[in-house]
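# Report on the structure
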Amino acid sequence: MKLKHDALSNAADTSSVSFETVFNGTAKAWLSYNQATPAVLGSSNVTSVTDTGTGLFTANWTSSFSDANYAPTATTDNGSHTNAGFMFSIETDKDNLPLAGSTPIETVAVSASTSRTYNDQVRNTLAVHGDLA
Amino acid sequence: MIDILRYLKPDEKSAYADYVTRRMDHMQRGTHYWQRIAKARDAIKFKQFKGELPAITHAIPYTDPYDLEAPVRVCHPAAMCVHELMVGGIHPPADAHLTTKLLLINADGSGDVVEKHAALAYRQSHDVKSEHVIDYRRCHDEAMGPLTYAEAIEWILQKDVPIEVWGRQHNRPQFAIVPRSSIPSDRTNRNAWRLADLTDAPKLEIAA
């Protein structure tokens, strides 16, 4: 069955959203990844994850983005309640630019008394919005 | 917004126009590569639920081709992708990814069109600031039949591991497909891992 309409409307037909808005606003890829094991816990539009070192990994997208100007949103979880005083951060890798087909990521631990150190996290999540190739 | 056309030669401009048109046509028909992946998801998850698809038991450690002293890299295939490949009808051949055409724009404002397999080498000698896909037609147009598990892992190797690692002759191995169990679980000295440390286990045989 195929619905052929240009937009989704509410029952009263007082508001609608075009299919293009839905398509373009949908996350094109997502990933849940444990760098400590390491293991890909769940994913969509992800071919593989490359573990490149402590606190460093690269998500390889299956259906490529049109350029590197897409928008990843990420969270990270250390999995421990005993790391008081530390803040854990997930960022795009500053030494390696994102590419249309892959995104290098770094996860770091920061505290008041230590400098930033790369750190493996048990749960890293990414959702990516952007234009596909 | 980058003016892509100003970097392209006449034949590249016509190919780019054809790609943009065909991409829109695939989107409207629901046959865009990403749409094929999205549509197959529920059926694959049902097969996973019924235990009809194998667990992913292999990883691909490899050496950074431009920094032999760097920690070994380990490519972990995503189960969903392996299973998409085993179901078939979704993904193009790996060389469709490798021949994707990219416009690479350098810090000095110059730009060149290179195929994806050559992009890493190009980046070694240029200060690339941005890249733009200008031809992805094969990935939209072609979908392979089902692969075996070993073939699916090899497809991922070819797509995600640099061709400099697996496509050239080396004096010593630069990669291996090994059981995940041979990857150390203790990551204390992760950055000291070298390929030889991870390749003692039996290798996955790839069908000819």
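What this report covers is the structure whose coordinates are included nearby. Predicted, not measured: the structure shown is a model, and the values here were computed from it.

## Some points on the overall build of chain B
What chain B contains, in helices and strands, is 9 helices and 6 strands. Dimensions of chain B, computed from the C-alpha atoms along their principal axes, are close to 50 × 45 × 30 Å. When contacts within chain B are restricted to residue pairs at least 6 apart in sequence, those whose partners lie at least 24 apart make up 70%. Total accessible area computed for chain B in this model is approximately 10,400 Å², and 53% of it derives from carbon and sulfur atoms.

## Comments concerning the interface of chain A and chain B
On the chain B side, the residues contacting the 40 residues of chain A number 41 residues. Salt-bridge contacts for Arg190 of chain B lead to Asp51 of chain A; the nearest nitrogen and oxygen are separated by 3.0 Å. At the junction of chain A and chain B, the tally comes to 21 residue pairs in polar contact (both at pLDDT 80 or more). Among the secondary structure elements, those contributing two or more residues to the side of chain A that touches chain B are strand E3 (29-34), strand E4 (39-44), strand E5 (46-53) and strand E6 (56-61) of chain A. Here the element with the most residues in the side of chain A that touches chain B is E5 of chain A; it accounts for 8 residues.

## A closer look at the pairing of E6 of chain A
Residue and element names in this part refer to chain A. Buried residues dominate E6, accounting for 6 of its 6 residues. Burial along E6 is two-sided: the face carrying Leu56, Thr58 and Asn60 and the face carrying Phe57, Ala59 and Trp61 are both buried. Here E5 folds back onto E6 in antiparallel fashion, the turn holding 2 residues, of which Gly55 has a positive phi close to 70°. Relative to strand E9 (residues 102-111), E6 is paired through 5 bridges, and the arrangement is antiparallel. Across the sheet, the residue bridging to Thr58 is Pro104, located in E9.

## Some words on the nonpolar core
If you look at the biggest cluster of nonpolar residues, it comprises 67 residues, and the most contacted ones within it are Leu31 and Trp61 of chain A together with Val82, Leu85 and Trp155 of chain B. Counting residues in hydrophobic clusters, the runner-up holds 9 residues, among them Val72, Ala176, Val178 and Trp193 of chain B.

## A look at the packing of aromatic side chains
Under the definition given, this model contains 8 aromatic pairs over all chains. Centroid distance Phe86 of chain A to Phe88 of chain A: 6.1 Å. Interplanar angle 15°. Geometry classified as stacked. Residue class for Phe88 of chain A comes out partly exposed when judged on its relative accessible area of 21%. Among the aromatic residues, those joined into a ring-pair cluster are Trp61, Phe65 and Tyr70 of chain A. Positioned above the aromatic ring of Phe23 of chain A is the side chain of Lys28 of chain A, whose terminal nitrogen or guanidinium carbon lies 5.3 Å from the ring centre. Stacked on the ring of Trp34 of chain B, the Lys or Arg Lys28 of chain A has its end atom at 5.9 Å from the ring centre.

## Comments concerning the state of the cysteines
Using the criterion set out here, one finds 0 disulfides over all chains in the structure. Cysteine Cys81 of chain B is unpaired, with the sulfur of Cys75 of chain B as its nearest cysteine sulfur at 9.8 Å.

## Comments concerning the sheet that holds E3 of chain A
Strand pairing in a sheet relies on backbone hydrogen bonds. The paired strands run either parallel or antiparallel. Residue and element names in this part refer to chain A. As summarised here, the arrangement of the 4 strands in space is E4-E3-E11-E7, forming an open sheet in which the pairing is antiparallel. Edge strands, defined here as strands with exactly one partner in the open sheet, are E4 and strand E7 (71-77). Pairs of neighbouring strands in the sheet enclose a mean axial angle of 10°, with direction left out of account. Strand direction decides the pairing type here: E3 and strand E11 (residues 123-129), joined by 5 bridges, are antiparallel. Residue pairing in the sheet places Tyr33 in a bridge with Asn124 of E11.

## Some points on the pattern of salt bridges
Residue and element names in this part refer to chain B. This structure, assessed with the given rule, holds 21 salt bridges over all chains. With a shortest N-O distance of 3.8 Å, Lys129 and Asp127 are connected by a salt bridge. Residue classification places Asp127 among the partly exposed residues on the basis of a relative accessible area of 44%. Here the residues in one salt-bridge network are Asp18, Arg22, Asp135, Arg137 and Asp141, joined through shared partners.

## Structural notes on the side chain of Glu12 of chain B
All names here are of chain B. Within the secondary structure layout, Glu12 lies in helix H1 (residues 10-29). For the buried Glu12, no salt bridge is present, and the opposite-charge side chain at shortest range is Lys9, 4.3 Å distant. Not counting the four nearest positions on each side in its chain, Glu12 is found in contact with Tyr7 and Val113.

Conventions and cut-offs
Every chain is numbered on its own, with residues counted from 1 as its sequence reads. All chains are assigned letters beginning with A, and all ligands numbers beginning with 1, in the order in which they are written. Reporting of local features is limited, given that this is a predicted model, to residues whose pLDDT is at least 70; pairs of side-chain atoms are given and counted only at 80 or more, and all residues count toward the totals for whole chains, interfaces and linings. In computing side-chain values, all of the structure's heavy atoms are included and hydrogens and water are not. For helices the rule is a DSSP run of H or I covering at least 4 residues; for strands it is a run of E covering at least 2, with both sets numbered from the N terminus onward. Here, two residues are considered to be in contact whenever any of their heavy atoms come within 4.5 Å of each other. Note on areas: these come from Shrake-Rupley sampling with a 1.4 Å probe, and a residue is covered only by the protein chains present in the view. Salt bridge, as used here, is a side-chain nitrogen of Lys or Arg placed within 4 Å of a carboxyl oxygen of Asp or Glu. What qualifies as a polar contact is a pair of N or O atoms within 3.5 Å, subject to a donor-acceptor requirement within protein and to the restriction that residues adjacent in sequence count only when both atoms come from side chains. Under the scheme applied here, a residue whose accessible area is under 20% of the maximum for its type counts as buried, over 50% as exposed, and between as partly exposed, the area being computed with a 1.4 Å probe on protein chains only. Should DSSP find at least two bridges between two strands, the strands are regarded as paired. Put simply, buried Ala, Val, Leu, Ile, Met, Phe, Trp, Tyr and Cys residues joined by side-chain atoms within 4.5 Å make one nonpolar core. Working definition: rings of Phe, Tyr and Trp (its six-membered ring) pair if their centres are within 6.5 Å, and the pair is stacked with planes under 30 degrees apart, edge-to-face with planes over 60 apart, and tilted otherwise. A positively charged side chain is recorded as over a ring if its NZ (Lys) or CZ (Arg) lies within 6 Å of the ring centre. The angle to the ring normal must also be within 35 degrees. Note on terminology: pairs of cysteine sulfur atoms within 2.5 Å are recorded as disulfides. Between N-to-C directions, angles span 0 to 180 degrees; the directions come from axes that are lines fitted to C-alpha atoms, helices contributing only their stretch in contact. His residues and chain termini do not enter the charge count, which takes Lys and Arg as positive and Asp and Glu as negative.

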